[in-house]
There are 2 protein chains.
Amino acid sequence: MTFAFNITHKDPNSYARTGRLTTPHGTIDTPNFIFCGTKATVKGLSPMQLRAEQVDIILSNTYHLMLSPGADLVAEMGGLHKFMNWDGPMFTDSGGFQIFSLGHGSVADEIKGKANRIREKSILKITEEGAEFRSYLDGRKWFLTPESSIDIQRKLGADLIVQLDECTPYHVDKEYTARSMEMSCRWGDRSLAEWKRKDDGKQKMYGIVQGGVYPDLRKESCEWTANADFFATAIGGSLGSTKEQMYEVVAMCAPMIHPTRPVHLLGIGSFIDVFSNVLSGIDTFDCVSPTRIARHGWAMVKGAPKERLNIRNARYVNDPDPVDSTCDCMACKNHSRAYIHHLFRVGELLGMQLLSIHNVATMTRLMRDVRKGISTGTLDQIKKEWVV
Amino acid sequence: MTFAFNITHKDPNSYARTGRLTTPHGTIDTPNFIFCGTKATVKGLSPMQLRAEQVDIILSNTYHLMLSPGADLVAEMGGLHKFMNWDGPMFTDSGGFQIFSLGHGSVADEIKGKANRIREKSILKITEEGAEFRSYLDGRKWFLTPESSIDIQRKLGADLIVQLDECTPYHVDKEYTARSMEMSCRWGDRSLAEWKRKDDGKQKMYGIVQGGVYPDLRKESCEWTANADFFATAIGGSLGSTKEQMYEVVAMCAPMIHPTRPVHLLGIGSFIDVFSNVLSGIDTFDCVSPTRIARHGWAMVKGAPKERLNIRNARYVNDPDPVDSTCDCMACKNHSRAYIHHLFRVGELLGMQLLSIHNVATMTRLMRDVRKGISTGTLDQIKKEWVV
């Protein structure tokens, strides 16, 4: 079997479920977390270190890799799996999210209520044909279409790929959101057609549900993805301006999306977000935060206030305990808060490595607990242990 | 047995020898390389990663640790071994080298023929009592004496410690070198006295041979160290302005230093330097270069021109081979030159980690080859494989 998704347990009181997602590079249990290896590396960690902390699946970003080292180079090197030496399941996005989020302010920033940062506009033109933008590396012009996104993703060679969509920010109005969603559907059809044209059985595609915060638009988009010949569904686009609105938008999709295809929620991954959104049937999550916040000295800790502790805080200067005494990752088994605090204080790379390992391990542990919670009907209890 | 040094083989045609150096934290074969973990971490690598590449012994720098996190904090955390979770043999220097090299230009720079860089002077005063200097971190004044250096090193708790000495740069004249060497002898006596006052059997001390490039001064210093109650001998100070002069200075010490104590050569570690200096009876080396040059994209490679290759070179962009196809380190077993080239090009931390692992592994392999060469009388042949 090369690709399959089997639902193994359904929660009777919600859309929560456990499952097994099979790809040519292995099978993962769901719900699961897809770790971001933006530029063909989960920042700071080797594939062996990921495996040691029970990572099952990673993603890379088409946008970054198309610019450097380029899809043709990755293909010449035998594809992304071989290039970065990751032999497990892998996912690539379409490039769209970065083009639009780097182009007119991050959607994640908007969800978090931050003002748009001032950046030079890198999107030059969005047309029915595709999106023209400038490379963040050297300012060179690029033009990405549904067909070229799929062509690039084919060259990269991940197991799971994604249609191109336009990722609208929160501040656009309903009319723009509707027009954009409709164009994303047409881009999805073109993405599917391009994929089918050269389908060799090695990749399967996610369609993306757009529609912003508007129930009628989400419904239209859900129906379109369910009727199109996608292997799986991703929920994208603006999810509102608050966490509560995000949960609402995801929840409104739950009854409308294809019921037996795997469902991915793009770019979301805090503890509370995972617990909230699995109730709406989300099977996989991704987010850069575990390794990003690690590099800034934040450790994700089960049951901690705001889900994390700041290892730079002076209170840890002589703390002999591990970051999380209930964690059995390499960092917690071997090193104290005092030592990691020291490493950050004197600017040593090992500090970033150790907290990255810990945060990755914490996310894999969270997902194991979530699966157990769903399959045994104890998710509420487990949530209370993780989120205070 | 807590401390011992047993010479296991002597080369009949030189001072080269193999041996076994025993400490309370284990026994290492010599000649060996002591990896620099300046601020209680070999930069970028965990103790487990060091062990995986067969590292036997590491050092930390008293100067850096006394400033941050401070010797008392390390002592409170159970000593350096426990603080950084390294359970093997460990060495600390006296703090002197950094005070003087940061204070008036690096000795290593002078050996390499570089002009002194312009830096703000951080040495404030050198007297018979000790050295006053400003912290490189915050400009605060510190005063280091032989007694305080030993006290700090006792708190840090490494197995092998070093007397305080004045490390003279190459440009000073013979008269200054002579006066300085004589003061270093007196500082050595004071270091020994302070160590003996609280000797608990857990640490042994190296005396340092000074005397610059002057045979009569080196002779006087060698005789002093041999007659003083040190466990081991280190060769320090200015070793001249060229590699040839360095080999000469070390060679002139060979017949004069204590013949059965372990001998360390401070701050030296290229392939050619190792091969040249083991002929003068050097048992251990240390140098920051394996991990430092790794962070700048240089891979140490057996038999390569100038001992290294620059992984940033465009020629490696699509090179599927490992950095060194004869190397079995984690990086070479798992990753291509093309991938590591990519990581450096896009500024990913993993690139530094992989080359650091490779360079550390290469040095441990070099030392295994050197030991084999000495014990089997094939050192010349092995040198030809490593140095072209």
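Just so it is clear, the structure is predicted and the values come from calculations on it, not from any experiment. (Residues numbered from 1 in each chain as written. Chains lettered and ligands numbered in written order. Predicted model: local features only at pLDDT ≥ 70, side-chain atom pairs only at ≥ 80, totals over all residues.)

Colleague: So what about the interface of chain B and chain A? Which residues, and what values?
Modeller: Taken together, the contacts link 34 residues of chain B with 34 residues of chain A. Contributing elements (two or more residues each) for the side of chain B that touches chain A: helix 3 (71–76), helix 4 (80–84), helix 13 (330–334), helix 14 (337–345) and helix 15 (349–376) of chain B. Looking at which element gives the most residues to the side of chain B that touches chain A, the answer is helix 14 of chain B, with five residues. Taken together, the residues that form the side of chain B that touches chain A break down as 18 nonpolar, eleven polar and five charged. (Contact = placed C-beta atoms within 7 Å. Helix = DSSP H or I, 4+ residues; strand = E, 2+ residues; numbered from the N terminus. Nonpolar A, V, L, I, M, F, W, Y, C, P; charged D, E, K, R; others polar.)

Colleague: Run through the sheet that holds strand 3 (residues 26–30) of chain A, naming residues and quoting values.
Modeller: Residues and elements named next belong to chain A. Taken in spatial order, the three strands line up as 1-2-3 in an open sheet, and their pairing is antiparallel. Only two strands of the sheet have a single neighbouring strand rather than two, namely strand 1 (4–10) and strand 3. Neighbour-to-neighbour, the strand axes of the sheet open up by a mean angle of 15°, direction not taken into account. When strand 1 meets strand 2 (residues 17–23), the two strands line up antiparallel, connected through six bridges. From the neighbouring strand, F5 faces strand 2, where its bridge partner is L21. Taken strand by strand, helix 15 (residues 349–376) contacts strand 1, strand 2 and strand 3, and its axis lies near 125° from that of strand 2. (Pairing = 2+ DSSP bridges. Axes fitted to C-alpha atoms, helices over the stretch in contact; angles between N-to-C directions.)

Colleague: Explain helix 10 (residues 243–253) of chain A residue by residue, including any values.
Modeller: Listed in full, the buried residues belonging to helix 10 of chain A are M246, V249, V250 and C253 of chain A. All buried residues of helix 10 of chain A fall inside an arc of 95° around its axis, so they share one side. (Buried ≥ 20, exposed ≤ 12 C-beta atoms within 10 Å, placed from the backbone. Arc of directions from axis to C-beta.)

Colleague: Just give me the short version of the relation of the copies chain B and chain A, but keep the residues and values in it.
Modeller: Of the two same-sequence chains, chain B is brought onto chain A (RMSD 0.0 Å, axial shift 0.0 Å) by a rotation of 180°. What we have between these two chains is a two-fold relation. For chain B, the minimum C-alpha distance to the rotation axis belongs to L349 of chain B and amounts to 4.2 Å. Most of the interface of chain B is mirrored in chain A, where 100% of its interface residues are also at the interface. (Least-squares fit on C-alpha atoms with pLDDT ≥ 70 in both.)

Colleague: How would you explain the packing of helix 9 (residues 215–227) of chain A against helix 10 of chain A if you had to name every residue and give the values?
Modeller: All names here are of chain A. Where helix 9 meets helix 10, the axes come as close as 9 Å, and the angle between the chain directions of the two elements is 45°. What the angle tells us is that helix 9 and helix 10 run oblique. Remark: the crossing between helix 9 and helix 10 carries right-handed chirality. Facing P215, R218 and C222 of helix 9, the residues of helix 10 in contact are V249, M252 and C253. For the contact of helix 9 with helix 10, the per-class residue count stands at five nonpolar, no polar and one charged. (Parallel < 35°, antiparallel > 145°, perpendicular 65-115°, else oblique. Left-handed = near helix turned anticlockwise from the far one by under 90°.)

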